[in-house]
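This is what each chain is made of:
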Amino acid sequence: MKLKIILLSLCGALSVGSCSDYFDPDLKGNVPEDVFYENLNNLRYALNTAYSLMETEKYQRSELLFGEAISDNCWNVQDVTSGEIYDILNFQFNTENSYILERYQVNYEGINKVNQIIRSIPHVKYRTDGTSPKEIREVYGQAKVLRALFYFNLVKTFGGVSIQPENAELSGLVVPRSTLEETYAYIEKDLRESILLLRKQRYQLSEAGQISAGGALGLLMKVLLYEASPGVDLPNVDKAAKWNEVVEIGKYFIEGQNISVNDLLKFDSRYTESWDDVSERLFLEEGTTLETMMNAQDVVSSHSLSKFDEIFRISGEFSPESLIEINQYDYSGVGINEEHGWLLNGYITYDPESSILNVSPTSELQSQFENDPRELFTISDRSINDYYKQDTSNPEIGWFNSGNSLKFCKFYVFPSEGSAKMRNYVVMRYAEVLLIYAEALNEIGLSREAVDMANRVRNRAAELLDDDNPNKQYQTISAANFKPLSYAPYDITRDAILKEKRIEMAGEGDRWFEICRLGIVSERMKYLADNPAVEPTGQTRVRGLHFKKGVNEIFPIPQEEVFISNGVIEQNFGY
């Protein structure tokens, strides 16, 4: 049973109006929150509405537009049209752009939903209805991971943002922006605490789609990576220490080295609460102390790399490689008109009159795949590749569509696979975490270990060329031309890992933030300006030409938010 079915069932069992209405943060009703949330099932219901937000067009379009479409990976038909998406792609937007507002608001909508859950946790009467503290912890932990993810989306896009108090009334509340350091610290604390709360094994079968400890650990490593990176302006953060913290979590999550509660939370240096107060707040097991060692094997055994040519198929959903995966449901068969099922890698034919993105890879990105078997499953001109003709009719392609004759093909849905609206949205994979860990190992002087870690991902790719691989017949390269990475000095190893990451994660919604955190966005935009792509009609992309260094690395706070706050929410520099 999919989570979506669970959500629909719960909706039908309640007499408080529609699902979305009840959990709208602005709703004023007659059911007191502390009474409604006395039952854990209602708390789970609320958690499902937060997950459901990530299925919507507005959320996933925002991830694709700001994370991938504007990057050096992509060429978009809307690069050379007109309108608000054109303005973003070419850095000619103003502070009233509706897609910038949409990104800001949809993530705060998610924050408000999970804040409602987190502030309601103490009201659950678990002692009288048989609910166990473990069940409460798992809901609590997932809410914290989702909140961290929403804030991470915001901080990467806008810089330091307003931290909404979880125990405050939302109506009329205006909270000034926190600094970049404060925002990252808040995100990090949520993730570290969530690891204590979450199930260590993967959720599977009818429970699949919920975030377990592996998702929190992977996201924490990514957040720490950003804090350590040169392109993230954190003058009061010891970046060398952050690289070591990435490695510390990697040793626990990937290599199976146990970690103490104190080392996980950094309790001694970062908390003003007493341990008893924290333990009570988090519903921790009786007897848990700061010296308690967390068994890493439970987490390590839950995640691994899956076959590259299977993880992007519908049959490969919820694989051991998946860390955060949003369960999709096709409502069309049950007569419900919902905004879900669009997904980041959505499948709708491009309509120049609509707001649908039309994203395709650049030839420069394709050049990175020279002699790499992953190209077959990432970038294609479908008209000349028999792999994409084997299912008798064309797969659906949609947002990832044809621009300069190339197509992103990771997320094609073949007719035999069913409805494209069923395809799940994978937020984070284990392969990305391995490459994050490899980068951090190299940064602390362990280049040989870094290469070994990156080669775990590259060796998985090499399996595509095995003689017993059924898709080997469609490959055009030889196994002899695809070698593991070699041991090398720091700079060469770093470049090799970053190239490996670009190839492995191409088209998955994160390239823009990657080049920003590396501090190379300006030079990459100059490359686009110096090498303009030409659309078949003869129109030329001008994106990099208008990029303003020192300004466009982050986006403006929507003018509507600044206006409503009477200036309490301050605008970013240069806007």
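Owing to the predicted nature of the structure, the values given are computational and were not obtained by experimental measurement. (Residues numbered from 1 in each chain as written. Predicted model: local features only at pLDDT ≥ 70, side-chain atom pairs only at ≥ 80, totals over all residues. Heavy atoms only, no water.)

## Section: the overall build of the protein chain
Thought 1: Scanning the protein chain for helices and strands turns up 23 helices and 8 strands.
Thought 2: Within the protein chain, the proportion of its 575 residues that are buried is 59%.
Thought 3: In the protein chain, the proportion of contacts linking residues at least 24 apart, taken out of those at least 6 apart, comes to 74%.
Thought 4: Carbon and sulfur atoms form 48% of the exposed surface of the protein chain, whose accessible area is close to 22800 Å². (Helix = DSSP H or I, 4+ residues; strand = E, 2+ residues; numbered from the N terminus. Buried < 20%, exposed > 50% of the residue type's maximum accessible area, 1.4 Å probe, protein only. Contact = heavy atoms within 4.5 Å. Areas by Shrake-Rupley, 256 points an atom, 1.4 Å probe, with all protein chains shown as cover.)

## Topic: the environment of A69
Thought 1: Following the sequence through the fold, A69 ends up in helix α5 (residues 57-69).
Thought 2: As for A69 and R511, which are separated by 442 residues in sequence, their C-alpha atoms are 8.6 Å apart.
Thought 3: If near-sequence neighbours (up to four positions away) are discounted, A69 is found in contact with L64, C74, N76, L89, L357, V359 and R543.

## Focus: the confidence of the model for the protein chain
Thought 1: Averaged over every residue, the pLDDT of the protein chain is 86; residues scoring 70 or more account for 83%.
Thought 2: Counted against residues more than four places away or in other chains, residues 1-31, with its pLDDT under 50, gives 58 contacts. (pLDDT = per-residue confidence, 0-100.)

## Describing empty space enclosed by the protein
Empty pockets left among the atoms are what a rolling probe the size of a water molecule brings to light.
Thought 1: What the rule picks out here adds up to 6 cavities of 30 Å³ or more.
Thought 2: Forming the boundary of the largest cavity are 20 residues, of which E63, K222, V427, G509 and D510 lie nearest the centre.
Thought 3: Within the residue set of the lining of the largest cavity, elements represented by two or more residues are α5, α9 (133-158), α11 (213-228) and β8 (425-429).
Thought 4: Top contributing element to the lining of the largest cavity by residue count: β8, with 5 residues. (1 Å grid on protein atoms, 1.4 Å probe; cavity = no way out; pocket = protein on both sides within 12 Å on 5 of 7 lines; lining within 4 Å. Points joined across faces, edges and corners; volume = space filled by probe spheres on them.)

## A closer look at α5
In an α-helix there are 3.6 residues to a turn, and that puts residues three or four apart on one side.
Thought 1: With 13 residues, α5 extends just 15 Å between its outermost C-alpha atoms, more than 12% less than the 18 Å of an ideal straight helix rising 1.5 Å per residue.
Thought 2: Burial analysis of α5 places 12 of its 13 residues in the buried class, which makes it a mostly covered element.
Thought 3: Listing the buried residues of α5 in full gives E57, Y59, Q60, R61, S62, E63, L64, L65, F66, G67, E68 and A69. (Expected span 1.5 Å × (residues − 1).)

## Observations regarding the packing of aromatic side chains
Thought 1: Per the stated rule, a full pass over the model turns up 24 aromatic pairs.
Thought 2: Geometry around Y487 places R448 over its ring, the cationic atom sitting 3.8 Å from the centre.
Thought 3: Taking NZ or CZ as reference, R524 lies 4.8 Å from the ring centre of Y527, over its face. (Phe/Tyr/Trp six-rings, centres within 6.5 Å; stacked < 30°, edge-to-face > 60°. Lys NZ or Arg CZ within 6 Å of the ring centre and 35° of its normal.)

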